[in-house]
Amino acid sequence: MPELPEAEVVRRGLDAVVRGRTLVAVEVGRDRAVRREPSMAAFVDALAGRTVAGTGRIGKFLVVRLADGDGRDVVVVHLGMSGQLRVAESAAEPRRPHTHVVWALDDGREVRFVDPRTFGQMWRDRTREPGGRPVTLGHLGPDALDDLTDASVLASRLANRRVRLKLRLMDQTAVAGLGNIYTDEICFRAGVSGGRPAGALADAEVERLVEVTRVVLTDAIVAGGSSLADAQYVDLFGRTGEYQRQHAVHARAGLACPVCGTEIVRERFGGRFGYSCSVCQT
DNA sequence: AAGCACACCTGCTAGC
DNA sequence: TGCTAGCAGGTGTGCT
């Protein structure tokens, strides 16, 4: 489900719920939800009794930092396409279908990982230094919100690439956090076609991309993220996002471009569909 | 070695 | 009404 804005909205909610809390019990109902573990028992035993120091995010990955160790233990969570973290006020609250992992907290609440398509996953990890990046996330490029501090950061990720811009922006090793929705919106607002070779952009176009990336992601977070028609994405408390109301092109094939009125077109990029305005984007 | 296709899953919708 | 095909915010792998 989520791209960077949705992951960040979930992280903020999660932080408020788990920071300083102790995980009194951990339950795994479906092994596939927990990866990179010798056994589910190893995961459950390692987490039970641990206290949460705080949370972080790199791209679309959530990082739950554990206290009461050497400060380098974390749990990484990725929501995949359909994953949700949901708060239950007590263990008595009925579990939704596809609840795969439950963290019971010392205040009686539960954090539940719900994921119909099972592309989401979580695993224990380590950082090199306290507060650092988990070692399994070393392949990720700069975070699209926190690390694009200068146009040169993005320029170096695009330079000399022949792959199409939209696909390069969705490549998490190039820039971390952007997916199908936000690359559509960012390319539209930057006025560039996602079909152009990534390395063929002018300096001014890269600068515009960096600028609108900051604006789009920030606005989307403020709006609580994007919830599409199937309402797959909700926050910890079940609230849908509202940023889809501000989408200019994504999933709007056949409708009028909000700027020039031209019909928005849908085209295939690899295995998925992108949306754009052929007049506003060149 | 960069770029692409495909696999991994379940659920919903459009079309017949 | 019921069936099927196709599509859905993701990442990782393995082929060319």
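Residues numbered from 1 in each chain as written. Chains lettered and ligands numbered in written order. Predicted model: local features only at pLDDT ≥ 70, side-chain atom pairs only at ≥ 80, totals over all residues. Heavy atoms only, no water.

Participant: Give me the protein's contact with DNA strand B: which residues, what numbers.
Facilitator: Neighbouring DNA strand B are Arg 30, Arg 32, His 98, Pro 116, Arg 117, Thr 118, Phe 119, Arg 161, Arg 162, Val 163 and Gly 270. Those atoms of DNA strand B that come within 4 Å of the protein belong to sugar or phosphate at a rate of 65%. Among the residues making up the surface near DNA strand B, the classes are represented as three nonpolar, three polar and five charged. (Near = heavy atom within 4 Å. Nonpolar A, V, L, I, M, F, W, Y, C, P; charged D, E, K, R; others polar.)

Participant: Outline the sheet that holds strand β3 (residues 61-66), listing residues and values.
Facilitator: Ordered by their spatial adjacency, four strands build an open sheet running β2-β3-β4-β8, and the pairing between neighbours is antiparallel. The sheet terminates laterally at β2 (52-58) and β8 (121-126), the two strands that pair on one side only. With direction set aside, neighbouring strand axes in the sheet form an average angle of 25°. Looking at chain direction, β2 and β3 are connected through six bridges and run antiparallel. (Pairing = 2+ DSSP bridges. Helix = DSSP H or I, 4+ residues; strand = E, 2+ residues; numbered from the N terminus. Axes fitted to C-alpha atoms, helices over the stretch in contact; angles between N-to-C directions.)

Participant: Pulling in residues and values, what's your account of helix α5 (residues 180-190)?
Facilitator: Within α5, 10 of the 11 residues are buried, which leaves the element mostly enclosed by the surrounding structure. Those residues of α5 that fall on the buried side of the exposure criterion are Asn 180, Ile 181, Tyr 182, Thr 183, Asp 184, Glu 185, Ile 186, Cys 187, Phe 188 and Ala 190. Each element contacted by the buried residues of α5 is listed here: α1 (4-18), α4 (165-170), α6 (203-222) and β10 (272-276). (Buried < 20%, exposed > 50% of the residue type's maximum accessible area, 1.4 Å probe, protein only. Contact = heavy atoms within 4.5 Å.)

Participant: Talk me through the packing of α1 against α6; I want residue IDs and the actual numbers.
Facilitator: Contact geometry of α1 with α6 gives a least axis separation of 9 Å together with a crossing angle of 40°. Taken together, α1 and α6 sit at an angle that is classed as oblique. Where α1 crosses over α6, the two elements pack in a sense that is right-handed. Within the contact between the two elements, α1 uses Leu 4, Pro 5, Glu 8, Val 9 and Arg 12 and α6 uses Leu 217, Ala 220 and Ile 221. Considering only residue class, the contact of α1 with α6 consists of six nonpolar, no polar and two charged. (Parallel < 35°, antiparallel > 145°, perpendicular 65-115°, else oblique. Left-handed = near helix turned anticlockwise from the far one by under 90°.)

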